Amino acid sequence: VGWFDWFDPFSRFCRPHTIIGSVLGVTSASLMAVQSPADISMTFFVGLLQALIPALCMNVYIVGLNQIHDIEIDKVNKPYLPLASGEYSSATGIALVTTFAAVSLAIGAYVGSRPLMWALTVSLVLGTAYSVDLPFLRWKRSAIAAASCILVVRAIVVQLGFYLHMQVSVFRRAAVMTRPLWFITGFMCFFSIVIALSKDIPDVEGDRVFGIRSLSVRMGKKRVFWLCVWLLQAAYTAALVVGLTSPTLWTKVAMGVGHIAFASILWMRSQNVDLKSTAAIAAWYMFIWKLFYAEYILIPFMR
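Every chain's residues receive numbers from 1 upward, in the order its sequence appears when written. Totals for whole chains, interfaces and linings use every residue, but because this is a predicted model, local features are given only for residues with pLDDT of at least 70 and side-chain atom pairs only at 80 or more, for both listing and counting. The side-chain quantities take in all heavy atoms of the structure and omit both hydrogens and water.

### So, the overall build of the protein
To keep it simple, the criterion reads: Under the scheme used here, helices are H or I runs from DSSP no shorter than 4 residues and strands are E runs no shorter than 2 residues, and both carry numbers assigned from the N terminus. Throughout, exposure labels follow a simple rule: accessible area from a 1.4 Å probe, protein chains only, divided by the maximum for the residue type, with under 20% read as buried, over 50% as exposed, and the rest as partly exposed. Note on definitions: a residue-residue contact is assigned when non-hydrogen atoms from the two residues lie within 4.5 Å. Exposure was quantified through the Shrake-Rupley algorithm and a 1.4 Å probe, taking into account, for residues, occlusion by the shown protein chains and nothing else. Counted as positive: Lys and Arg. Counted as negative: Asp and Glu, with His and the chain ends omitted from the count. Working definition for charges: the position is that of NZ of Lys, CZ of Arg, CG of Asp or CD of Glu.
Looking only at helices and strands, the protein has 14 helices and 0 strands in total. The helix and strand sequence of the protein, counted from the amino end, reads α-α-α-α-α-α-α-α-α-α-α-α-α-α. By its C-alpha atoms, the protein is 50 × 45 × 45 Å across when sized along the principal axes. Out of the 303 residues in the protein, the part that is buried amounts to 53%. Here the contacts in the protein between residues at least 6 apart in sequence split such that 74% fall between residues at least 24 apart. Surface accessibility of the protein: about 13700 Å² in total, with carbon and sulfur atoms responsible for 71%. Distance between charge centres in the protein, computed from 24 positive and 14 negative side chains, equals 10 Å.

This is how it looks when you write it as structure tokens:
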């Protein structure tokens, strides 16, 4: 019981769905640097851990910092989070995020990989600018700035930073930017925009009260909901076309079948969402994260 009493609020503080996304994202980007079966070696796994551990620590810093500055909003939107519920004090939250940020940067500096350190530093800066309530910061107040933060971290930093860490610092190869890498970065930009927009749909009530002018507050839940659906369908269509034009047969099969399946599932799932129910929209948002996870499984097949 004592162990669970400690782990349960800590798990909610870490926001597990973002942790899973980071694990899959870093792993998938690292696999993009693999050129032959011989690359799957102890060197690869050590390099992966060098990236994965500080990336997860930085993930906890970012989501924890957001909770520290959103306590009153989360009492309306997410009362189950430990700071909003009172299970954690503000001092505990500050101690946790400070520790995780310091550990992340310390590991990055010890590893000595420039791409890794670049990825961690950019994530730290943007995560701080997104949440901290200081002049010229608190970028989450702006729909465009908020979406840009999430897009840069999830789509650009994760794809390029951790790929280059593996390619340059681990495998000691030239920094070659391949066609699949450019496409995947662009595709994840679309997906990150959808995540940035859809995360605010179930939070409209609290955001409106506390002056967060998200796109959902401005345009309404229904319009933003269907905007997200059509953005993803456009991204899946582009991925299907690019996959089918690949010279590699298994890329054609994986990207073709996978994205037809994802697009179909998204469409059927979205038809049955009750947009008047916050719980239903929140469940749909978590479903979008599952599609995000699934995409990272397909990415290594893109050649």
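Anyway, onward from the coordinates.
### Here's the deal with the UniProt feature "transmembrane region" (unreviewed entry) in the protein
Heads up, the condition is: UniProt positions are given in the numbering used here, feature names are shortened, and annotations may be inferred rather than shown by experiment.
Summarizing the sequence annotation, UniProt attributes the feature "transmembrane region" (unreviewed entry) to residues 44-68, 88-110, 116-137, 144-166, 181-198, 224-243, 249-267 and 279-299 in the numbering used throughout. As annotated, residues 181-198 comprises 100% helix and 0% strand, and the C-alpha atoms at either end are separated by 25 Å. Spanning residues 249-267, this segment combines 100% helix with 0% strand, and its end C-alpha atoms are found 27 Å apart.

### Concerning the packing of aromatic side chains
Spelled out, the test is: Here a Phe, Tyr or Trp ring, Trp counted by its six-membered ring, pairs with any other such ring whose centre lies within 6.5 Å, and the pair is stacked when the planes are under 30 degrees apart, edge-to-face when over 60, and tilted otherwise.
This structure, assessed with the given rule, holds 18 aromatic pairs. With 5.3 Å between their ring centres and 80 degrees between their planes, Phe-44 and Phe-45 make a pair best called edge-to-face. According to the relative accessible area criterion, Phe-44 is buried, its value standing at 3%. Between Phe-225 and Trp-284 the ring centres are 4.4 Å apart and the planes differ by 45 degrees, which places this aromatic pair in the tilted class. Residue Phe-225 is located in helix H12 (residues 221-244), and its partner Trp-284 is located in helix H14 (residues 278-298); the two are separated by 59 residues in the primary sequence.

### Concerning the packing of helix H8 (residues 143-170) against helix H9 (residues 179-198)
When two helices pack together, you describe them by how their axes are tilted relative to each other and by the distance separating the axes. For the record, the criterion: A fitted line through C-alpha atoms serves as each axis, taken over the contacting stretch for helices, and the angle formed by two N-to-C directions is quoted from 0 to 180°. In this scheme, roughly parallel covers angles under 35 degrees and roughly antiparallel covers those over 145, while 65 to 115 is roughly perpendicular and the rest are oblique. Should the near helix be turned counterclockwise from the far one by less than a right angle, the crossing is left-handed, whereas a clockwise turn marks it as right-handed. Residues are grouped as follows: nonpolar covers Ala, Val, Leu, Ile, Met, Phe, Trp, Tyr, Cys and Pro; charged covers Asp, Glu, Lys and Arg; every other residue, Gly included, is treated as polar.
Running from amino to carboxyl end, H8 crosses H9 at an angle of 150 degrees, the nearest separation of the two axes being 8 Å. Judged by the inter-axis angle, H8 sits roughly antiparallel to H9. The handedness of the crossing between H8 and H9 comes out as right-handed. Note on element contacts: H9 touches H8 through Leu-181, Ile-184, Thr-185, Met-188, Cys-189, Ser-192, Ile-193 and Ala-196, opposite Ala-147, Ile-150, Leu-151, Arg-154, Ala-155, Ile-156, Gln-159, Leu-160 and Tyr-163. Of the residues that constitute the contact of H8 with H9, the class distribution is 13 nonpolar, 3 polar and 1 charged.

### With respect to the pattern of salt bridges
Note that side chains of opposite charge can pair when their charged atoms are close. Basically, it comes down to this: Whenever Lys or Arg places a side-chain nitrogen within 4 Å of a carboxyl oxygen from Asp or Glu, that contact is recorded as a salt bridge.
Tallied over the entire structure, the rule returns 8 salt bridges. Salt-bridge contacts for Arg-138 lead to Asp-70; the nearest nitrogen and oxygen are separated by 2.7 Å. You can see Arg-138 sitting in the loop between helix H7 (114-131) and H8 and its partner Asp-70 sitting in the loop between helix H3 (42-68) and helix H4 (71-77), a full 68 residues away along the chain. Given a relative accessible area of 4%, Asp-70 falls into the buried group. Connected through shared salt-bridge partners, Asp-8, Arg-12 and Glu-87 make up one network.

### A closer look at H12
Stated precisely, the cut-off is as follows: Multiplying one less than the number of residues by 1.5 Å gives the expected span of a helix.
Look at H12: 35 Å from first C-alpha to last across 24 residues, which is about the 34 Å you get at 1.5 Å a residue. When we look at burial in H12, the residues that qualify are Lys-221, Val-224, Phe-225, Cys-228, Val-229, Leu-232, Gln-233, Ala-235, Tyr-236, Ala-239, Val-242 and Gly-243.

### Overview of a nonpolar patch on the surface
What counts here: Every patch collects residues that have over 30% relative accessible area and no salt bridge, joining them within 9 Å if they carry like charges and within 5 Å if they are nonpolar side chains (Val, Leu, Ile, Met, Phe, Trp, Tyr).
On the surface, Ile-40, Met-42, Phe-45 and Val-46 cluster together into a nonpolar patch covering about 390 Å² of accessible area. Inspection of the secondary structure assignment puts Ile-40 in the loop between helix H2 (16-31) and H3. The exposure class assigned to Ile-40 is partly exposed, which follows from its relative accessible area of 40%.

### Re the side chain of Lys-221
Positionally, Lys-221 belongs in helix H12. Discounting residues that sit within four places of it in the chain, Lys-221 has contacts with Ile-201, Val-204, Glu-205, Ser-216, Leu-275, Thr-278 and Ile-281.

### Brief notes about the nonpolar core
The nonpolar side chains of a soluble globular protein tend to be buried, and buried together. What counts is decided by this rule: Only buried residues count toward a nonpolar core, which is a set of Ala, Val, Leu, Ile, Met, Phe, Trp, Tyr and Cys residues joined through side-chain atoms within 4.5 Å.
Counting residues in each nonpolar core, the largest one holds 83 residues, and the members touching the most others are Phe-162, Met-188, Phe-191, Tyr-236, Trp-284, Ile-288 and Leu-291. With 12 residues, H14 is the largest single contributor of residues to this core. The residues touching Phe-162, leaving out its near neighbours within four places in the chain, are Val-26, Ala-29, Ser-30, Ala-51, Ala-55, Leu-116, Ala-119 and Val-157.

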